[in-house]
Each structure stands twice: as C-alpha cells, then as structure tokens.
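# Secondary and tertiary structure notes
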Amino acid sequence: MRRDGRNFADAEIHPFGSFMSGLYLPTADMDIVVCSSSFMRNGPPKYLSAKSWLYKFQKFLTMQQVAEPTSIEVIAHARIPLVKYVDKATGLKV
C-alpha cells in the first residue's frame, strides 16, 4: 500500500445514521465514521487528535481512488468536522 495508506492501516469504517437504520431516502447520503482499531477496543481516539487527520484522509481517498477527485471537501472548522465526497465506484454521496 502507498505511504499514505499506512496512516489508516488500523482504521475501521462504520456506517451510522439513516443509512444504517434503513430509514434513508434514495437521494440521501451515507454517513460513515472512521475509527482506529485501538479506539474500538476502548483505547484513546487516534483520528480526533488533530484536524490534520481530515486532510490526511482527503489525500488517502484521492491516492486510493476511492472518491471522485473533484468531489472531496474538507470541512475542518464545523462543529463536527467532516470530509464529504462522492464514491467513485457507486456515485453515492458520503
């Protein structure tokens, strides 16, 4: 895996929100959360420690060709910081 892939080697992706509960609309987006394996075992959060992780995740999505490159948007200063993108394989908004 490329160098940036090592930043998320222990990452786990989990869906949540309306998609997870099955109450989503066909035009809705999918909400996911990225957690480190250690956090999932009640350890400290790894990806919340700095906003720079959002930009590392943006680069990771681009390098791994997961997202449409022009669709990625980092919203670092929101109440809940996030990365928005369109999945390249499905066209789904994430």
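The text that follows walks through the structure, step by step, so that each part is easy to find.

The next thing to look at is the side chain of Ser37. Mapped onto the fold, Ser37 is located in helix 2 (residues 37–40). Using a relative accessible area of 18% as the deciding quantity, one classes Ser37 as buried. Here Glu12 takes part through its side chain, which lies 3.4 Å from a polar atom of the side chain of Ser37. The residues contacting Ser37, other than those within four sequence positions of it, are Asp10 and Glu12.

Take the nonpolar core next. Counting 12 residues, the largest nonpolar core consists of Phe8, Trp53, Leu54, Phe57, Phe60, Leu61, Ala67, Ile72, Ala76, Val83, Tyr85 and Val94. With 5 residues, the single largest contributor to this core is helix 3 (residues 52–63). Those residues in contact with Leu61, other than ones at most four positions away along the chain, are Val66, Ala67, Ile72, Val83 and Tyr85.

Our next topic: unusual backbone geometry. Look at Gln65: it is not a glycine, yet its phi comes out positive at around 55°. Taking the relative accessible area as the measure of exposure, Gln65 reaches 51% and is therefore exposed.

What follows covers helix 3. End to end, helix 3 covers 16 Å across 12 residues, agreeing with the expected 16 Å (1.5 Å per residue, within 8%). For helix 3, the set of buried residues is Trp53, Leu54, Phe57, Phe60 and Leu61. Across the axial projection of helix 3, the buried residues extend over an arc of 120°, all falling on one side. Buried residues belonging to helix 3 abut strand 2 (31–36), strand 3 (73–75) and strand 4 (82–84). Count one or two residues on from helix 3 and you reach Gln65, which has phi positive near 55°.

By volume, the largest pocket amounts to about 850 Å³. Along its surface, the largest pocket is lined by 30 residues, and Ile32, Leu54, Pro81, Leu82 and Val83 are the ones closest to its centre. Mapped onto the lining of the largest pocket, the elements with two or more residues apiece are strand 2, helix 3 and strand 4. In the lining of the largest pocket, the residues fall into 22 nonpolar, 2 polar and 6 charged.

Conventions used here
- Every chain is numbered on its own, with residues counted from 1 as its sequence reads.
- Where local features are concerned, this predicted model is filtered to residues with pLDDT of at least 70; where side-chain atom pairs are given and counted, the filter is 80 or more; whole-chain, interface and lining totals use all residues.
- Computation of side-chain values covers all heavy atoms of the structure but excludes hydrogens and water.
- Strands here mean DSSP runs of E at least two residues long; helices mean DSSP runs of H or I at least four residues long; both are numbered from the N terminus.
- Each residue is placed in one exposure class: buried if its accessible area under a 1.4 Å probe, protein chains only, is under 20% of its type's maximum, exposed if it is over 50%, and partly exposed if it falls in between.
- Think of a polar contact as two N or O atoms within 3.5 Å of one another; within protein, one of them needs to be a possible hydrogen donor and the other a possible acceptor, and neighboring residues in sequence only count if both atoms come from side chains.
- The contact criterion used throughout is that any non-hydrogen atoms of two residues lie within 4.5 Å.
- What we call a nonpolar core is a set of buried Ala, Val, Leu, Ile, Met, Phe, Trp, Tyr and Cys residues that are connected through their side-chain atoms within 4.5 Å.
- Multiplying 1.5 Å by the residue count of a helix minus one yields the expected span of that helix.
- What the arc describes is the spread of directions from the helix axis to the C-beta atoms.
- Cavities and pockets were defined on a 1 Å grid built from protein atoms only: a cavity is a group of points that admits a 1.4 Å probe but offers it no way out, a pocket is an open group of points flanked by protein on both sides within 12 Å along at least five of seven lines, and a lining residue is one with an atom within 4 Å of any such point.
- Grid points are joined across faces, edges and corners, and a volume is the space filled by probe spheres set on the points.
- The classification used treats Ala, Val, Leu, Ile, Met, Phe, Trp, Tyr, Cys and Pro as nonpolar, Asp, Glu, Lys and Arg as charged, and all other residues, Gly among them, as polar.

Geometry only, nothing functional implied.
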